[in-house]
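Residue-level structure breakdown
The residues making up each chain are set out below.
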Amino acid sequence: MSGLVIAIDGPAASGKGTLARRIAAHYRLNHLDTGLSYRAVAKALLDAGLPLDDVEHAEDAAHGVDLGKIDRTVLSANEVGEAASKVAVISSVRRILVEKQRAFATTPPGAVLDGRDIGTVVCPSADVKIYLTADPRVRAERRWREIEAKGLKADFEAILADIEQRDARDMNRADSPLKPAEDAHLLDSSKMDIDSAFLAACGIIDSVLASRK
Ligand SMILES: Nc1ncnc2c1ncn2[C@@H]1O[C@H](COP(=O)(O)OP(=O)(O)O)[C@@H](O)[C@H]1O
Ligand SMILES: Nc1ccn([C@@H]2O[C@H](COP(=O)(O)OP(=O)(O)O)[C@@H](O)[C@H]2O)c(=O)n1
């Protein structure tokens, strides 16, 4: 690997993207939200009216994913996240996307990647691994606030059910299930605001880097 690689994994709406973006800016690294690649494949199937277990078309869509050109705005809907977790069980789709994600990680000056399998599969030799969690109700409330802030209506119980169902699917799939890498540092942000979570993450990263000097 060239440059520093930081892996951030965790369940839905734990704050991975928010934290990864801030860490990348602070340590002057590239940032990749790997969930967007699964969302892009799912959206391609949804738009074409194809079932989410259509392996051949899902593979075609995965080959077509350009990590540099993903439009996050059209992929943020809850339904797309739910659909993404269904295409994410297809091993051949994962292989195609993981290859692109690894190429991104090894591009100088290094990168922060967030997702579900970064520390375990995509970058098992990452310099620092953080597993970010938060209580499901706290995560559902954060997502609820995010939707309401856009002026849209959101149902808290429906969001919570979606998050719990998606976590269960992600944790129980055969290929690359969501779980902390053995050498991951656990960070529970249930009682932390964004700034405190960022400071705690920097503390972990700085102490790992200092211990290697
Ligand atoms: N520690 C935190 N405290 C409060 N809100 C947070 C925290 N971390 C993230 N958020 C908010 O929670 C929502 C989900 O965060 P996001 O980074 O998109 O999570 P993920 O990438 O894990 O799905 C966003 O609206 C974000 O601003
Ligand atoms: N590295 C990754 C990233 C996402 N995914 C899948 O893609 C879905 C959407 O991921 P996301 O990171 O955009 O979801 P949120 O946590 O932002 O809600 C997840 O529920 C996983 O099923 C994955 O399998 N592996």
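Quick note: structure is the one above.
In what follows, the accompanying structure is described. Just so you know, these numbers come straight off a predicted model, no measurement behind them.

With that settled, consider the site of ligand 1. Around ligand 1, the structure places A13, S14, G15, K16, G17, T18, R142, R143, E146, M192, D193 and I194. With respect to ligand 1, the backbone of A13 contributes an N or O atom lying 3.2 Å from an oxygen atom. One nitrogen or oxygen atom from the side chain of K16 is found 2.7 Å from an oxygen atom belonging to ligand 1. Here ligand 1 has 560 Å² of accessible area as a free molecule, and 78% of this is covered by the chains. Every element with two or more residues in the shell around ligand 1 is listed here: α1 (16-27) and α7 (136-149). The residue makeup of the shell around ligand 1, split by class, is three nonpolar, four polar and five charged.

With that settled, the discussion passes to the packing of aromatic side chains. Using the criterion set out here, one finds zero aromatic pairs in the structure. Positioned above the aromatic ring of F198 is the side chain of R22, whose terminal nitrogen or guanidinium carbon lies 4.3 Å from the ring centre.

Our next topic: unusual backbone geometry. Looking along the chain, the bond that leaves P108 and enters P109 is cis, with omega of 10 degrees. In this fold, P109 is placed in the loop between α5 (91-105) and β3 (110-115). The backbone phi angle of R28 is positive, close to 55 degrees, even though this residue is not glycine. Within the secondary structure, R28 sits in the loop between α1 and β2 (30-33). Phi is positive for S176, close to 50 degrees, though the residue is something other than glycine. For S176, the location among the structural elements is in the loop between α8 (156-172) and β5 (185-188).

What counts and how
- Residues numbered from 1 in each chain as written.
- Chains lettered and ligands numbered in written order.
- Predicted model: local features only at pLDDT ≥ 70, side-chain atom pairs only at ≥ 80, totals over all residues.
- Heavy atoms only, no water.
- Near = heavy atom within 4 Å.
- Polar contact = N/O pair within 3.5 Å; in protein donor to acceptor, adjacent residues only side chain to side chain.
- Areas by Shrake-Rupley, 256 points an atom, 1.4 Å probe, with all protein chains shown as cover.
- Helix = DSSP H or I, 4+ residues; strand = E, 2+ residues; numbered from the N terminus.
- Nonpolar A, V, L, I, M, F, W, Y, C, P; charged D, E, K, R; others polar.
- Phe/Tyr/Trp six-rings, centres within 6.5 Å; stacked < 30°, edge-to-face > 60°.
- Lys NZ or Arg CZ within 6 Å of the ring centre and 35° of its normal.

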